[in-house]
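Notes for the structure review
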Amino acid sequence: YDIEKKVRARGFPADRVELLGPQPPAALRDLIEDSAVLVLPSRSEGMGRVLLEAALLGRPRIGSTVGGIPYVIEHGVDGLIFESGNAEALADALRQLMGSPETARTMGEQARARALRDFTREAFLARYRKLIAPDTEDSAAPPGSQAAGH
């Protein structure tokens, strides 16, 4: 089937939606920076690292309900989530963000703030330390050491 025809049939003009297909990693930053919104309509996905990359660049994201995508996008705050496979819900999400540049801008700002707060190496390490040593003040210290508050 011709996805380009389906996109146009839904009312998205060629100057607003560009279907590029697979891209080399070196091109992704420029493509994300040039976009108004990043869409990840996956039917199967781990976490969707590209969603974090877009967030760090201040772009709102639209993603499906599969895998870790709902963990990376807080629906209505820093992006939108739609039921995987529901093309009409995806179209509605696109219309919502493309029809309100202010909402898209605010969601992009929220996405960046959340990425810097929750998805950095330091944030992951802090959560990991808390998991393995939840009751210590300095959970980076080896178990049984004085620095661990024992």
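Quick summary incoming for the structure in this document. Not measured: the values here are computed from a predicted model.

Ranked by size, the top nonpolar core spans 14 residues in total, and within it F12, V37, I62, L80, L90, L94 and L97 carry the most contacts. For this core, the secondary-structure elements that each account for two or more residues are β3 (79-82), α5 (87-98) and α6 (101-118). If one sorts the elements of this core by residue count, α5 sits on top with five residues. Beyond its immediate chain neighbours, meaning those up to four positions away, L94 contacts F12, V37, V39, I62 and G99.

The subject of this paragraph is the side chain of D78. Here D78 shows up in the loop between α4 (69-72) and β3. Residue D78 is classed as buried on the basis of its relative accessible area of 1%. Polar contacts involving the side chain of D78 include one to the main-chain amide nitrogen of E74, which spans 2.7 Å. The contacts of D78, once residues within four sequence positions are left out, are P60, R61, V72, I73, M107, Q110, A111 and R114.

What counts, and at which threshold
Residues numbered from 1 in each chain as written. Predicted model: local features only at pLDDT ≥ 70, side-chain atom pairs only at ≥ 80, totals over all residues. Heavy atoms only, no water. Core = buried A, V, L, I, M, F, W, Y, C linked by side-chain atoms within 4.5 Å. Buried < 20%, exposed > 50% of the residue type's maximum accessible area, 1.4 Å probe, protein only. Helix = DSSP H or I, 4+ residues; strand = E, 2+ residues; numbered from the N terminus. Contact = heavy atoms within 4.5 Å. Polar contact = N/O pair within 3.5 Å; in protein donor to acceptor, adjacent residues only side chain to side chain.

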